[in-house]
Every structure is written in C-alpha cells, then in structure tokens.
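Each chain, letter by letter, is given below.
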Amino acid sequence: MHSNPVHSDTDAPAVRSFVDRFARDEPNAAVDSLLEAASEPRSVLTSLFGVGYDSWYALVADDISGHCLDCTPGWGRTTPLLLSLADRVSSYQPTDTGRRLLESRPELDGADVVSIVGDDIASAIDGRSFDTVVATGPRPPDREFFDHVDRLAASLADGGTLVTEIDGWPRTSGVTDLVGLESESERDTGLSPTAVWRSIPSRFVAALETRGFDDVDLFGLLPGGSRYRWAVPADDPDAIEWVLDSIETDSTGSGLVRRGATLATELGLVAQSYPSYVAVCRTDSSAESDAPSADEPDTTRVLRRGANRSIVFELSDGDVETVRKVPNTPTHSRYNERAASTLSELTASGEPIAGTLPDVALEESALGPVLSESPASGTPLMDVVTRWPTPPDPDAFVRVLETGLGWIRTLQLAHAGPRRRRSPGAARRELAPDRFDVAPPTVSDPLEFPAVPAHGDYHPGNVLVADDGSIERVIDWEYSALESNPAADPGFFTLKLAAFAFGGFETGVRATLLEDTPYSVRVAESIVAYCDAIGIRPRTFATYLGHSLVRQIDVHFETGSPWRFHANPREKVDRLSVLYDGFDEIRRRLGDARAASAGGRLSPTVESPPLDPETPVGQHPQDPSTDFDAPRDPGQR
C-alpha cells in the first residue's frame, strides 16, 4: 500500500505544472493554472492543502512525539501539524513531484523535516527507527493494509506508536454511499464479503494486537458530506448520544446519521458501526495518555471539525464542561489570538451587549494557543434557515434578517468611536483584496462613518438563539477587528442569509438586492432603517457591502493560512465581482428606499426605531412573538 494519489491520471500534467510554478514561488499563478487546467482542481487542492481534515490530531496529540514518520497523502499536507507535536518529522515522498512540493511549502522553511524517497516504503525506511508513525487516509483493513502495517511496525522503536485511519464496515460495504451519508468515497466496490467482515472493529483490532500492539484505542469518524464531521471515542456510547442530540439540522445526511447511530446504540453496536476510524496502536500499554488518574474527573473529549479551528467539547456526565477551539494548522493559532484580543476588549466594557459575547481565554498547547470558553445554550440561527422552503416565506426571511441587523446595530452603537472620513481612493483600496486584481466600484465622493468593531464572519451559523428568538451568543470571532466600517458585518449577514435561503450567492443577491421581488423592497427598507440608526448614508452601505469578503481574503494571507492556496479566496473574489457589477443597481434601490422612508412611506412592518433597552437583543421591538421553533443545543455549536 502506498500514499493515496492526489490526482487522477488525467490531471497529472496539470498537477506537475502546478508544482513547477509553486516551486518557483508563484503560488497564486500555480493555483490559477490548476483551476483552469485540472478536471477536479478542488479535489487536488484539498489533498494538498486541506484545512481541518486532519483535525482529529487534537484528540491524539499526546501520542505523537519523538521522531515521527509522516506517510500520509497530500505531499506534506499534514507535516506542519505533526511538526508541532513531534521533535522532528520525516516525510515519505515516493515521487519527485511530491518531494519538490514538500520542500517548497513556506510553513516548513527552516523546519527539521526531511524527505524520505523510495519506490516503496519498505525500502525507504529500511534501517530507520521512529517513535511515531502516522498514516492517514481511510483505507479498508484488507491484506494489503496489514502488509503495510507490518512494514511500518518493523520501524517502530521500543514503546512506539502507530496512528492510522481505517475504514469500518459501513464504508467498506458501500452502505454510506448507498444511503447518502457520504457524497463520495474511495472504496473498492468490488470488495468481497471477507473484506467487509475484516472491517468490523473487533476483527481488525484483534489483527492489530497480533502484530505486537499492546493497546489499541479507536476514535469513530462521523461523516458530513465527503469528509468526516465529528470524531468520537468509539467505546463511549454517551459521547455519541451527546453528538446525536447536538445535530439539529434537518438535512438528509444528518437525519440518516441520527437514525443509523441511534439504532446501532440500541443494539449495542455503536462502537462497531462507524464509517471509519482512527486507530492509536501502542506497543507499550503503559504509555496510554488519556486514562484519567484517580484524582482527575472522568471526562470525554469529542471533536467537531471546523474550517480554521476545530472544537473539542469536554463532556462530564453528559454535559459540556469546557469548549476549546484548537488550531487546525499551526499558523491558525493567529485566528485564536485575534478573537481573544477583540473579545477581551469588548467584554471589558461592561455594556449589556457583552452578555451575548463569549468569555474566552487563551491556553498554550503543542498545537498552538487554544481558545477556551464556557459552553453556550442556544441553537444556531442557521437551523431556522435550513428548514425553510426555497424560496422562503418573505416574512420569515425579514424576521431573521432584522434579528441579525438588530444585534450588530446594538453592538456597534455600544462601541462606536469617532467618525472616519475615507477619500474615494482610500475607499477603493479597502474594497480590493491585496493579492488579487479586483475592480471596485467607482467612488466619486468621500465617505463618512463611525468606527465600530467588526465580527468579520457574521452570519446565521454564528448566531445562537434561545427558544424565544432572542440572541444568546455570537460565536467565532477569528476574523474580528476592533475598528472597521459599520456596513461590513450587516452586509455580510445579508449576503450569507440570501445565499443560504436561495441556494447560491448570485441567486440570493439577485432575489434580495437586484431584482423586483417580494424580498428586495423589504430588504432595502431594513438596510435603510439600519443606516439611519447607525448614522451612515445608504450609498456608504452599498459601497462596503462586500467588505467582509475582502477582509477574510486578506486575513488568510496575513495569517499564512493554507486557505490562500485553495479555491476559496478566488471564489470570494468572484462574489465581489457580482456585487461590484451590481453596485449601481444596489445603490439605486437603497436610495429609493431612503427617499420613501423620508416621505413617510416606509412599511410599518419593517420600520426600525431605536432599540428599547428593555427589548431582548435580537428580537424586533414590533414583533415580540418571534418564535424560531428551535430546541436548545446542549453545548456550543
């Protein structure tokens, strides 16, 4: 068995060209060329720079130490993360192309990493010794897998540990594909019943133990689309029960996960029925690090994968004790530092709105600064949106929009600083990402606005609401800033809500901002009411409508995130182009709504007077019956 290829044979020329440009320190041109030439460019970029797909490392970090052999797919994708845990890393690269990309990765510049080159891994590692061997990429536990394990085990030092992914029987048999739990898999559809039988955890654990491993711990991986979403200790039924209670969306995949896992739990089969597993195989059982001492509380750690950070929930007796956000790659610790800095300043003010902000602290770890916070009740506002039909009911859409605009307006008014003046040239510079060629709209006159804090990723998925519709907490501040323009956050909320509700960014923008629809007039009225409350002109709002997209792109590059080598920033640039092409129409509609408001023709159902201090944050003063029909979440989402 060898490292999984990062591309199909069809894309091999495009990938070689990509690596050539990347090695010449032309990463943007390299990504652009791959997006144009490869048949599956997103798959290739994910294999090479996937963010968060290896975040289960946070659950096994204590088992990775000393000299580590990285024999994973992705040509060094996981190497920076392993380097933060181990003393030094050797990366097996069976191809010259893979070696060149590994050596070109900027995050490994000057690091203690060497490439091990060979036609096969047995000859490449012959005579070498490693304290830890990591082999990611799920694969069926067939004869080839165990031959591979035998070769790796022979290179382990005394007391060494092997960490590997393994397919469970639902994935090996194709059940996960059949019922839609995964949108794609790499399984061999021709596997025999014997291979499926070997994929039962009790069987492959026994096979691992016969190869000299004294102790084998399993973590089950629950899918979400083509990748896992949750990592759960496989032998802890209480942990999976908590995860099931935490899945509130009504998507087909989530429903199937709930029903399948609930049945498996009732039959006592849950530990045997995960689609795939991470196995931590120790040659010295005394090295087990997760067993609590007599003086320590009996806690369970469950991980949910995130984009920049993954969330580790520490559970005790079925309740969340602590929520920790762990960087998915070492450079992502800067997202935690950014969030902690902003939140500490905002919560120290003593304003009532601070009660809806996370109370956070930074904790040092081998993976970088971890953001620790107390669990939050409430359900993501996104869960309301996912239950809507397409297109949604206009009244429901406006209620959620005004919930979002109401909270951010209250935050901004509580922390508004001096007014700033932007010249047309300065404004245009703020509307274009630093690393991409984007043509912002023409700004003919200076713009003025109060300086306010910005969340930076303010959308319904990051807003937790109570049963009565009031906002409990707003989470995920990794793109935040203490001073920004006031249009960025409400603009981003409007855009994301429209994209979620109408099934796509451009479709949502047309339906809510560009065309005559049951939504566009009311959206414009709500935005104008917000502008009046915060003290900016509607044209300023239209100008900075997409500013959060610009800042997110720039933050990826400022942070040194692997996201800068993905399609993601380029897709944001495409969305900016949609907004800038429609700028004149958006500005006109907001201007018409402003004129109607001044003439007394603003619809009373969307009028936005100053907030009454007695009104619950997030609940519109004129709609006290707002009910989002969403049960409470047992912990932070």
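The rules behind these values
Residues numbered from 1 in each chain as written. Predicted model: local features only at pLDDT ≥ 70, side-chain atom pairs only at ≥ 80, totals over all residues. Heavy atoms only, no water. Helix = DSSP H or I, 4+ residues; strand = E, 2+ residues; numbered from the N terminus. Buried < 20%, exposed > 50% of the residue type's maximum accessible area, 1.4 Å probe, protein only. Areas by Shrake-Rupley, 256 points an atom, 1.4 Å probe, with all protein chains shown as cover. Contact = heavy atoms within 4.5 Å. Disulfide = S-S within 2.5 Å. Phe/Tyr/Trp six-rings, centres within 6.5 Å; stacked < 30°, edge-to-face > 60°. Expected span 1.5 Å × (residues − 1). Salt bridge = Lys/Arg side-chain N within 4 Å of Asp/Glu carboxyl O. Pairing = 2+ DSSP bridges. Polar contact = N/O pair within 3.5 Å; in protein donor to acceptor, adjacent residues only side chain to side chain. Arc of directions from axis to C-beta. Core = buried A, V, L, I, M, F, W, Y, C linked by side-chain atoms within 4.5 Å. pLDDT = per-residue confidence, 0-100.

> Help me understand the overall build of the chain, please; the structure alone is not making it clear to me.
Across its full length, the chain carries 25 helices and 20 strands. By the burial criterion, 58% of the 637 residues in the chain qualify as buried. Carbon and sulfur atoms make up 46% of the accessible area of the chain, which totals about 25200 Å².

> Can you walk me through the environment of Ser129 in this structure?
Note that Ser129 resides in the loop between helix H7 (121–125) and strand S4 (130–135). As for Ser129 and Leu156, which are separated by 27 residues in sequence, their C-alpha atoms are 5.7 Å apart. Among residues more than four places away in sequence, those in contact with Ser129 are His67, Ser155, Leu156 and Ala157.

> Which parts of the structure should I look at to understand the state of the cysteines?
What makes a disulfide is a covalent bond joining the sulfur atoms belonging to two cysteines. In total, this model carries zero disulfides according to the counting rule given. We note that Cys68 lacks a disulfide partner, and the nearest cysteine sulfur, in Cys71, lies 8.5 Å from it. Take Cys68: its relative accessible area is 0%, and that puts it in the buried class. Its relative accessible area of 3% is what places Cys71 among the buried residues.

> Got a minute to help me understand the packing of aromatic side chains in this structure?
What describes a pair of aromatic rings is the distance from one ring centre to the other and the angle between the planes of the rings. In this structure the tally under the stated criterion is 23 aromatic pairs. On the numbers, 5.1 Å between centres and 75 degrees between planes, the contact of Phe22 with Phe565 is edge-to-face. You can see Phe22 sitting in helix H1 (residues 12–23) and its partner Phe565 sitting in the loop between helix H23 (547–559) and helix H24 (568–581), a full 543 residues away along the chain. By the burial criterion, Phe22 is buried, and Phe565 matches it. Look at Phe449 and Tyr544: their rings are 5.6 Å apart centre to centre, the planes differ by 80 degrees, and that puts the pair in the edge-to-face class.

> Can you help me understand helix H19 (residues 488–502) in this one?
Residues that lie three or four places apart on an α-helix share one face, since the helix turns once every 3.6 residues. With 15 residues, H19 should reach 21 Å at 1.5 Å per residue; the first-to-last C-alpha distance of 21 Å fits that figure. The buried fraction of H19 is high, at 13 of 15 residues. Gly503 lies just past H19 and shows a positive phi near 80 degrees.

> Mind showing me how you'd approach the pattern of salt bridges here?
Note on pairing: side chains with opposite charge can pair once their charged atoms come close. On inspection of all chains with the given rule, the structure shows 34 salt bridges. Notably, a salt bridge pairs Glu363 with Arg324, separated by 2.7 Å at the nearest N-O pair. Of this pair, Glu363 sits in strand S12 (residues 360–363) while Arg324 sits in strand S11 (residues 319–327), and the two are 39 residues apart along the sequence. Since its relative accessible area comes to 29%, Glu363 is described here as partly exposed. We note a salt bridge from Glu515 to Arg510, for which the minimum N-O separation is 3.7 Å. Assessed through its relative accessible area of 38%, Glu515 is described here as partly exposed. One continuous salt-bridge network, built from bridges that share partners, spans Arg309, Lys325, Glu373, Arg473, Asp476 and Glu478.

> Looking at this structure, how should I read the sheet that holds strand S19 (residues 471–474)?
Taking strand neighbours across the sheet as the criterion, the three strands line up as S14-S18-S19 in an open arrangement whose pairing is antiparallel. The sheet is open, and its two borders are formed by strand S14 (379–380) and S19, each paired with just one other strand.

> Explain unusual backbone geometry here, please?
Glycine aside, residues mostly have negative phi, and peptide bonds are mostly found in the trans state. Backbone torsion omega between Thr390 and Pro391 reads 0 degrees, so that peptide bond is classified as cis. Residue position: Pro391 is located in the loop between helix H16 (382–386) and helix H17 (394–415). The backbone phi angle of Asp476 is positive, close to 65 degrees, even though this residue is not glycine. Assignment of secondary structure puts Asp476 in the loop between S19 and strand S20 (481–484).

> Sorry, what's going on with the side chain of Ser520 here?
When you line up the elements, Ser520 lands in helix H21 (residues 520–534). Within the structure, Ser520 has its side chain in polar contact with the backbone oxygen of Glu515 (distance 2.7 Å). If we ignore the near neighbours within four places in the chain, the residues touching Ser520 are Ala511, Thr512, Leu513, Glu515 and Arg589.

> Would you explain H1 in this entry?
With 12 residues, H1 ought to run about 16 Å at 1.5 Å a step, and its terminal C-alpha atoms sit 16 Å apart, in line with that. Of the positions making up H1, those classed as buried are Ala12, Ala14, Val15, Phe18, Val19 and Phe22. Seen from one end, H1 has its buried residues packed into an arc of 160 degrees, which puts them on one side. Here the buried face of H1 lies against helix H2 (27–37), helix H3 (41–49) and helix H6 (96–104). Downstream of H1 by a residue or two, Asp25 has a phi angle that is positive, lying close to 65 degrees.

> I tried to follow the nonpolar core on my own but got confused; where do I start?
Buried together is how nonpolar side chains tend to be arranged in soluble globular proteins. In terms of nonpolar packing, the biggest core is built from 74 residues, with Trp388, Phe397, Trp407, Trp477 and Phe541 touching the most fellow members. Phe541 has contacts with Ala487, Pro490, Gly491, Ile527, Tyr530, Cys531, Ile536 and Leu590, leaving out every residue within four places of it along the chain.

> Explanation requested: the environment of Pro453 in the structure shown.
Tracing the chain through its elements places Pro453 in strand S17 (residues 452–454). Residues Pro453 and Leu411, 42 residues apart in the sequence, show an inter-C-alpha distance of 8.0 Å. With residues near it in sequence (within four places) discarded, Pro453 still touches Leu346, Leu411, Gln412, His415, Ala481, Leu482, Glu483 and Asp489.

> When you look at the confidence of the model for the chain in this model, what are you seeing that I'm missing?
Low pLDDT means the predicted coordinates in that region are not meant to be read closely. Residues of the chain with pLDDT of at least 70 account for 84%, and the chain-wide mean is 86. Confidence drops under pLDDT 50 across residues 249–253; counting only partners more than four residues distant or on other chains, this segment forms eight contacts. Confidence over residues 601–637 falls short of pLDDT 50; this stretch has 94 contacts with residues more than four positions distant or in other chains.

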